Amino acid sequence: MRHDMDQTTKTGPAHVAIIMDGNGRWAQQRGRPRLFGHHAGARRVREVLQSCPEHGVKYLTLFVFSTENWKRTQTEVAGLMLMFRKYIQREARALVDNGVRVRFIGDRIRLDDKLVSLMDELELLTAGNDLIHLTIALNYGGRDEVTRAAKRLAYEIEMGRLSHKDVDAETLSRFLDTHVLPDPDLVIRTSGEARISNFLLWQSAYAEYEFVDTLWPDFTAAEFGRVLARYGQRERRFGAVQA
């Protein structure tokens with residue numbers, strides 16, 4: 001989906017995407033293993049998520065594990081996968097009760113069956129909710145997503161269900177993992193790194209970016225609110241010139 005590019009806006013963001021960076025450094029600064037930081041970061045998710053309605057944020061997308069993160073140590077990867085399973089089991093009831101609809105994006109083929117089953121169950125459990133739409137990018141990469149979308153589109157053409165003459169940007173977007181979601185208005189990256197790390201490459205074409213120095217486990221709901229307030233002062237033109 002795309003924004004209406006004929007209008008400028010200074011309203012708050014409806015869709016915020018976050019690259020939650022800095023968990024490992026946060027732990028190392030305290031002399032603890034990296035997984036300690038990941039667990040602290042997971043606890044911070046609830047606080048930020050709960051603050052979304054008061055700021056008018058309807059959609060929150062979190063980058064939790066990239067297609068490149070498999071390069072980390074086997075101990076860290078195994079620990080993260082276990083943490084993801086426990087997080088789903090621990091938070092499922094609260095997510096349902098608080099009106100959160102959960103979706104997962106990314107390639108599930110490499111994930112273990114138990115985790116995938118829990119992901120499927122949580123999506124089903126929360127399918128009727130509409131207060132907040134939480135999207136979790138797990139084993140996700142922007143280039144990988146576009147590649148998978150292009151393969152699905154090519155297959156539709158091969159099967160004769162779609163003509164190559166009808167293919168445009170909107171057509172391809174219907175094959176993306178995020179096809180039911182609006183594009184992000186604001187992308188936040190914590191930890192002071194100023195790069196997008198292969199996250200929502202297609203969808204963020206017109207997004208605003210905010211790079212903050214705070215490490216993710218220290219990124220409070222109050223700081224989230226301050227970032228959103230700064231967004232509200234910006235003027236988004238989507239390539240147009242103000243009259």
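Residues numbered from 1 in each chain as written. Predicted model: local features only at pLDDT ≥ 70, side-chain atom pairs only at ≥ 80, totals over all residues. Heavy atoms only, no water.

The protein has the name Isoprenyl transferase in an unreviewed UniProt entry, where Yoonia vestfoldensis SKA53 is given as its organism. Here is the UniProt Sequence similarities (unreviewed entry) comment for the protein, exactly as written: "Belongs to the UPP synthase family." According to UniProt, the comment filed for the protein under the heading Function (unreviewed entry) is "Catalyzes the condensation of isopentenyl diphosphate (IPP) with allylic pyrophosphates generating different type of terpenoids." (UniProt positions renumbered as here; feature names shortened; annotations may be inferred.)

Visitor: Can you explain unusual backbone geometry? Please cite residues and give values.
Guide: Phi is positive for Ser197, which is not a glycine, with a value near 50°. Relative to the helices and strands, Ser197 is located in the loop between strand E5 (186-189) and strand E6 (208-211). Despite not being glycine, Asn198 has its phi angle at roughly 65°, a positive value. (Helix = DSSP H or I, 4+ residues; strand = E, 2+ residues; numbered from the N terminus.)

Visitor: Go over the UniProt feature "active site" (unreviewed entry) in the protein, please, and point to the residues and values.
Guide: Here, UniProt's "active site" (unreviewed entry) annotation points to Asp21 and Asn69. A compact arrangement is adopted by the annotated residues: their sequence extent is 49 residues, whereas the largest C-alpha distance between any two is 12.3 Å. By secondary structure assignment, the location of Asp21 is in the loop between strand E1 (15-19) and helix H1 (23-29). Mapped onto the elements, Asn69 comes out in the loop between strand E2 (59-66) and helix H3 (74-97). Within polar-contact distance, the side chain of Asn69 engages the backbone nitrogen of Ser66 at 2.8 Å. (Polar contact = N/O pair within 3.5 Å; in protein donor to acceptor, adjacent residues only side chain to side chain.)

Visitor: Break down the environment of Lys114 for me, with residues and values.
Guide: As for its placement among the helices and strands, Lys114 is situated in helix H4 (residues 113-125). Residues Lys114 and Ser163 lie 49 residues apart in sequence; the distance between their C-alpha atoms is 39 Å. Excluding residues within four positions of it along the chain, Lys114 makes contact with Arg85 and Gln89. (Contact = heavy atoms within 4.5 Å.)

Visitor: Give me the pattern of salt bridges: which residues, what numbers.
Guide: Applying the stated rule across the entire model yields 20 salt bridges. Notably, a salt bridge pairs Asp21 with Arg189, separated by 2.9 Å at the nearest N-O pair. On the criterion of sequence distance, the pair formed by Asp21 in the loop between E1 and H1 and Arg189 in strand E5 is long-range, its members being 168 residues apart. For Asp21, a relative accessible area of 17% corresponds to the buried category. On the basis of relative accessible area, Arg189 is assigned to the buried category, the value being 4%. With its nearest N and O atoms 2.4 Å apart, the salt bridge here joins Glu47 to Arg44. Highlighted residues: Glu47 and Arg44, both in helix H2 (residues 34-51), separated by 3 residues, approximately one helical turn. By relative accessible area, Glu47 is classed as partly exposed at 28%. Classification of Arg44 as buried rests on a relative accessible area of 17%. Because the salt bridges share partners, they merge into one network encompassing Asp21, Arg25, Arg189, Glu193 and Arg195. (Salt bridge = Lys/Arg side-chain N within 4 Å of Asp/Glu carboxyl O. Buried < 20%, exposed > 50% of the residue type's maximum accessible area, 1.4 Å probe, protein only.)

Visitor: So what about the pairing of E5? Which residues, and what values?
Guide: The side-chain alternation of E5 yields two buried faces, one formed by Leu186 and Ile188 and the other by Val187 and Arg189. The pairing of E1 with E5 spans 4 bridges and is classified as parallel. Residue pairing across strands places Ile19 opposite Arg189, the latter belonging to E5. (Pairing = 2+ DSSP bridges.)

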